[in-house]
Amino acid sequence: GVAFVSEQPMPTNEQFVLNFSFPGSTIRNEITLLVLHCAPIGTQGRFRNGARFLVISDDCAERIFEYVTTAPA
């Protein structure tokens, strides 16, 4: 799964397609996810969302693994 911050509240129990690139990369990643939780955080009007991956390619999963397990340069 994944947690992320949004500017608007996201409806729970709905599917979304998340498109993103990692810093310094031009590769576009696409994941279909189900938002499970949304709650306001801080005083800036932002929302913390928790979601479960529904569809993710093996290549995308590998890029995520590499990004979260590699120390910054």
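Attention in this report is confined to the structure presented alongside it. These numbers were taken from a predicted model, which means no experiment stands behind them.

How each quantity is defined
Residues numbered from 1 in each chain as written. Predicted model: local features only at pLDDT ≥ 70, side-chain atom pairs only at ≥ 80, totals over all residues. Heavy atoms only, no water. Salt bridge = Lys/Arg side-chain N within 4 Å of Asp/Glu carboxyl O. Helix = DSSP H or I, 4+ residues; strand = E, 2+ residues; numbered from the N terminus. Buried < 20%, exposed > 50% of the residue type's maximum accessible area, 1.4 Å probe, protein only. Contact = heavy atoms within 4.5 Å. Phe/Tyr/Trp six-rings, centres within 6.5 Å; stacked < 30°, edge-to-face > 60°. Pairing = 2+ DSSP bridges. Axes fitted to C-alpha atoms, helices over the stretch in contact; angles between N-to-C directions.

With respect to the pattern of salt bridges
Next, step 1: Throughout the structure, instances matching the rule amount to one salt bridge.
Next, step 2: Salt-bridge contacts for R46 lead to E7; the nearest nitrogen and oxygen are separated by 3.7 Å. On the criterion of sequence distance, the pair formed by R46 in strand β4 (residues 46–56) and E7 in the loop between β1 (2–6) and β2 (14–20) is long-range, its members being 39 residues apart.
Next, step 3: On the basis of relative accessible area, R46 is assigned to the partly exposed category, the value being 38%.

As for the environment of D59
Next, step 1: By secondary structure assignment, the location of D59 is in helix α1 (residues 58–69).
Next, step 2: Given a relative accessible area of 55%, D59 falls into the exposed group.
Next, step 3: Spatially, the C-alpha atoms of D59 and H37 are 27 Å apart, while their sequence positions differ by 22 residues.

So, the environment of A39
Next, step 1: Locating A39 in the fold gives a position in strand β3 (residues 29–41).
Next, step 2: For the pair A39 and N29, spaced ten residues apart in sequence, the C-alpha to C-alpha distance is 25 Å.
Next, step 3: Excluding residues within four positions of it along the chain, A39 makes contact with R46, F47 and R48.

A short note on the packing of aromatic side chains
Next, step 1: Considering all chains together, one arrives at two aromatic pairs under this definition.
Next, step 2: A ring pair is formed by F22 and Y67, whose centres lie 4.4 Å apart and whose planes are at 25°; its orientation type is stacked. Placement of F22 in the loop between β2 and β3 and of Y67 in helix α1 is noted, with a sequence separation of 45 residues between them.
Next, step 3: The exposure class of F22 is buried, given its relative accessible area of 17%.

Some thoughts on the sheet that holds β4
Within a sheet, adjacent strands bond to each other through the backbone by hydrogen bonds, running parallel or antiparallel.
Next, step 1: Sheet architecture is open: four strands sit in the order β1-β4-β3-β2, paired in antiparallel fashion. Pairing within the sheet leaves two strands with one partner each, and these edge strands are β1 and β2. For this sheet, the mean angle separating the axes of adjacent strands, direction not counted, is 45°.

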